[in-house]
Amino acid sequence: MDYLTTNKIAWDARTRVHLTSDFYDVEGFLSGNTSLTEIELSELAVAGKSLLHLQCHFGLDTLSWARMGAKVIGVDLSEVAIAEARKLAQQAQLSAEFICSDVYSVVGKIEPQDIVFTSYGAIVWLPDLMLWAQTIVACLKPGGQFYMAEFHPAQQLFDGYSYFNRGEPDIEQEGTYTENAGDEQQTLMCWSHSLSEVINALLQAGLELAFFHEFAFSPYNCFAGLEAQADGRYVLTHQGQHVPLVYSISARKPA
């Protein structure tokens, strides 16, 4: 089974559902709201910089960075998502470039950027993190910054997935995570990636780690068992203790 074709079909279908979901709130974005969360907003400065967003879905985060003064390029596997991202850019009157490509094929399609960004539920769709990290380095200018905010792999244990990469993908039939998902299901292929696998891939590719942070909350209500907090965060507890739900990494390419 070809994971790129399988996942592309799934994300084409998911995009159509996501566009009308409250979870993504396209109407709110077009009225001026940001789709970015408190984590990346507090940790990443983009004004006046060029930014490549890998696995951008239909572009809400990419365009939110554009609103904050970045010159943005979004890349995604799904042709449907990229087409919708271009429409959104026009509707929002924002300058952005969107390219339909899988992550591993993007090198050579763009000029090196000041920032490479990725976030929330992205890397589980990638089988090879060494190639991912090498791609990031190739897409950065000397001195450029890589930043990611991602769901913590410890949470995957509560959903029955491995913490560690087992080599072979998990192949499942499941619906999407938005409230309007309905009964439609897609075939999906994904891989678990431990924290050590992520960090070591980035280091071995030549990036220099600036910080690594862990968070005891999720900005999204997208896992079973999450409890809503008054501040808009969502938490998960196990035997009375908070489970780590998000981590962030900033790293730089040597000048």
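Above this note sits the structure.
The following refers to the structure shown.

Reading guide: rules and limits
Throughout this description, residue numbers start from 1 for each chain and increase along the sequence as written. Given that the model is predicted, a residue must reach a pLDDT of at least 70 before its local features are reported, and side-chain atom pairs must reach 80 or more before they are shown or counted; all residues, however, enter totals for whole chains, interfaces and linings. The side-chain quantities take in all heavy atoms of the structure and omit both hydrogens and water. A helix here means a DSSP run of H or I that spans at least four residues, while a strand means a run of E at least two residues long, and both kinds are numbered starting from the N terminus. Relative accessibility under 20% of the residue-type maximum defines a buried residue, over 50% an exposed one, and the middle range a partly exposed one, all with a 1.4 Å probe and only protein chains included. The term polar contact refers here to a pair of N or O atoms within 3.5 Å; inside protein, the definition further demands a hydrogen-donor-capable atom paired with an acceptor-capable atom, and it admits residues adjacent in sequence only when both atoms are side-chain atoms. Residue contacts are defined here by distance: any two heavy atoms, one from each residue, within 4.5 Å place the two residues in contact. At least two bridges found by DSSP between two strands are what make those strands a pair. Residues belong to a common nonpolar core when they are buried Ala, Val, Leu, Ile, Met, Phe, Trp, Tyr or Cys residues joined through side-chain atoms within 4.5 Å. Every angle, taken between N-to-C directions, lies between 0 and 180 degrees, and every axis is a line fitted to C-alpha atoms, over only the stretch in contact when it is a helix.

Let's talk about the side chain of Thr6
Logical step 1: Along the chain, Thr6 turns up in helix 1 (residues 3-18).
Logical step 2: Taking the relative accessible area as the measure of exposure, Thr6 reaches 14% and is therefore buried.
Logical step 3: Side-chain polar atoms of Thr6 contact the backbone oxygen of Asp2, separated by 2.8 Å.
Logical step 4: Those residues in contact with Thr6, other than ones at most four positions away along the chain, are Met1, Thr187, Leu188 and Met189.

Observations regarding the pairing of strand 7 (residues 186-190)
Logical step 1: Among the five residues of strand 7, four are classified as buried, and the element is accordingly described as predominantly covered.
Logical step 2: Of the pairings in the sheet, the one linking strand 6 (residues 170-174) to strand 7 comprises five bridges and is antiparallel in character. In the strand pairing of strand 7, Ile171 is matched with Met189.

Some thoughts on the nonpolar core
Logical step 1: Formed by 34 residues in total, the largest nonpolar core has its most connected members in Trp132, Ile136, Phe146, Val198 and Leu202.
Logical step 2: Looking at this core, the elements with two or more residues in it are strand 1 (50-54), strand 2 (71-76), helix 6 (129-138), strand 5 (140-151), helix 7 (195-204) and strand 13 (246-252).
Logical step 3: Every residue in contact with Trp132, bar those within four places of it in the chain, is listed here: Val103, Tyr104, Thr118, Ile123, Leu126, Phe146, Met148, Val198 and Leu202.
Logical step 4: In terms of nonpolar packing, the next biggest core, distinct from the first, is built from 25 residues, Leu36, Leu44, Phe217 and Phe223 among them.

Observations concerning the sheet that holds strand 4 (residues 113-119)
Logical step 1: Taken in spatial order, the seven strands of this open sheet run 3-2-1-4-5-13-8, and their pairing is mixed. Looking at strand neighbours, the two that pair on one side only are strand 3 (96-100) and strand 8 (208-215), the edges of this open sheet. Taken pair by pair, the neighbouring strands of this sheet meet at an average axis angle of 15°, ignoring direction.
Logical step 2: Helix 4 (residues 60-67) rests against strand 1, strand 2, strand 3 and strand 4 of the sheet, and its axis sits at about 175° to strand 2.
Logical step 3: Its contacts with the sheet put helix 7 on strand 5, strand 8 and strand 13, and the angle it makes with strand 13 is roughly 10°.

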